[in-house]
Amino acid sequence: MSEVYHIPAMLKETIEGLNIKPEGVYVDVTFGGGGHSRAILEAGAGHLYSFDQDKDALANKIDDERWTFVHSNFRYLRNWMDYYGEEQIDGLLADLGVSFHHFDCPERGFSFRFSAPLDMRMNQTAKRTAADIINSYSEEELANIFYLYGELKNGRGIAKNICRARAQKAIERTEDLVAASRIPAEMSKELARLFQALRIEVNDEMGALREMLLAARDLLKPGGRIAILTYHSLEDRLVKNFLRSGNLEGTIEKDFYGNNLSPFTLIEKGREASAEEIERNPRARSAKLRVAEKK
Ligand SMILES: C[S@@+](CC[C@H](N)C(=O)[O-])C[C@H]1O[C@@H](n2cnc3c(N)ncnc32)[C@H](O)[C@@H]1O
């Protein structure tokens, strides 16, 4: 395991955005190293439920009677809140994607920097690994994933190279994928995008995010806040449109007088980390913070 599990991005801005109410009920749907969760408790939350689908996150557990860990995908937020008898919540934080731990843990297969089985499951008990996808999806399906989730302009060419290579021998390890893609080793940005695209598909990150957003909208009390940190343009667009409109399609409904009928008032519209934070923590450079308040 890496020494630093995670360094939370935009910690101060996120906690300010949540506007924590003493005794309020809060949910951190992406516990990870627990940096944000600890700060929510320190800010005086009455109770905090922290979700993570990766059991490794439990190494960071918090010794506080106000804290409950939920080892689950956050797409089941509504079911878990029902289970705990919480009809409404005062605030929710989502710090999307993977933690440093995932990238820095060679055997998890998230990084092209290490030789490892092509796995990439955040939930280690999930059935489908990255190797399953790479070896079974059609060329067109792979091209779409690379284009949509990795924003790789040459997604089609890369998918073709991969399909040619796998016809000779199954692609089982990170280095097999790098070789099959034919992306030169020095093009590390492209390789990172290829791995990101595959990781998003393995973990159905967009599907889970959509389900969680709908549940969060319904659970938040009037005056309750939702704070979301996004790390790539596709998830950021989804969150931006959702917070503007209150629906997944991003359709802004207006009343007779032209007033926006969205259930949210926007508080932060895509704030980025300060130059000083990025210098200290370069991985915060792609973070965007969006905060909204339920009307
Ligand atoms: C960017 S890290 C969060 C870091 C955290 N804010 C901190 O301060 O350490 C994202 C975490 O969310 C978890 N995660 C991502 N998607 C999830 C999902 N759909 N359900 C549950 N946990 C998820 C990952 O396993 C990872 O530990």
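Here we summarise the structure given alongside this text. (Residues numbered from 1 in each chain as written. Predicted model: local features only at pLDDT ≥ 70, side-chain atom pairs only at ≥ 80, totals over all residues. Heavy atoms only, no water.)

### Here we look at the sheet that holds strand β5 (residues 220-230)
Consideration 1: Within the open sheet, the seven strands sit side by side as β3-β2-β1-β4-β5-β7-β6. Their pairing is mixed. Lying at the two open borders of the sheet, with one neighbouring strand each, are β3 (67-70) and β6 (264-272). The sheet shows a mean angle of 15° between the axes of neighbouring strands, taken without regard to direction.
Consideration 2: One ladder, built from six bridges, connects β5 with strand β7 (residues 288-294); its direction is antiparallel. Opposite Leu229, over in β7, you have Leu289 as the bridge partner.
Consideration 3: Packing against the sheet, helix α10 (residues 205-219) makes contact with β4 (89-95), β5, β6 and β7, and its axis sits at approximately 155° to β5. (Pairing = 2+ DSSP bridges. Helix = DSSP H or I, 4+ residues; strand = E, 2+ residues; numbered from the N terminus. Axes fitted to C-alpha atoms, helices over the stretch in contact; angles between N-to-C directions. Contact = heavy atoms within 4.5 Å.)

### Structural notes on a positive patch on the surface
Consideration 1: There is a patch of like positive charges on the surface, built from Lys153, Lys189, Arg193 and Arg285.
Consideration 2: By the element assignment, Arg285 lies in the loop between α12 (275-280) and β7.
Consideration 3: Judged by its relative accessible area of 58%, Arg285 falls in the exposed class. (Patch = residues over 30% accessible without salt bridge, like charges linked within 9 Å, V, L, I, M, F, W, Y side chains within 5 Å. Areas by Shrake-Rupley, 256 points an atom, 1.4 Å probe, with all protein chains shown as cover. Salt bridge = Lys/Arg side-chain N within 4 Å of Asp/Glu carboxyl O. Lys, Arg positive; Asp, Glu negative; His and termini not counted. Charge placed at Lys NZ, Arg CZ, Asp CG, Glu CD. Buried < 20%, exposed > 50% of the residue type's maximum accessible area, 1.4 Å probe, protein only.)

### What to know about the pairing of β3
A regular strand places its side chains on the two faces of the sheet in alternate fashion.
Consideration 1: Residue alternation in β3 divides its side chains into two sets, Trp67 and Phe69 and Thr68 and Val70, and both sets are buried.
Consideration 2: Note: strand β2 (residues 47-51) against β3, four bridges, orientation parallel. When the bridges of β3 are listed, Leu48 appears paired with Trp67.

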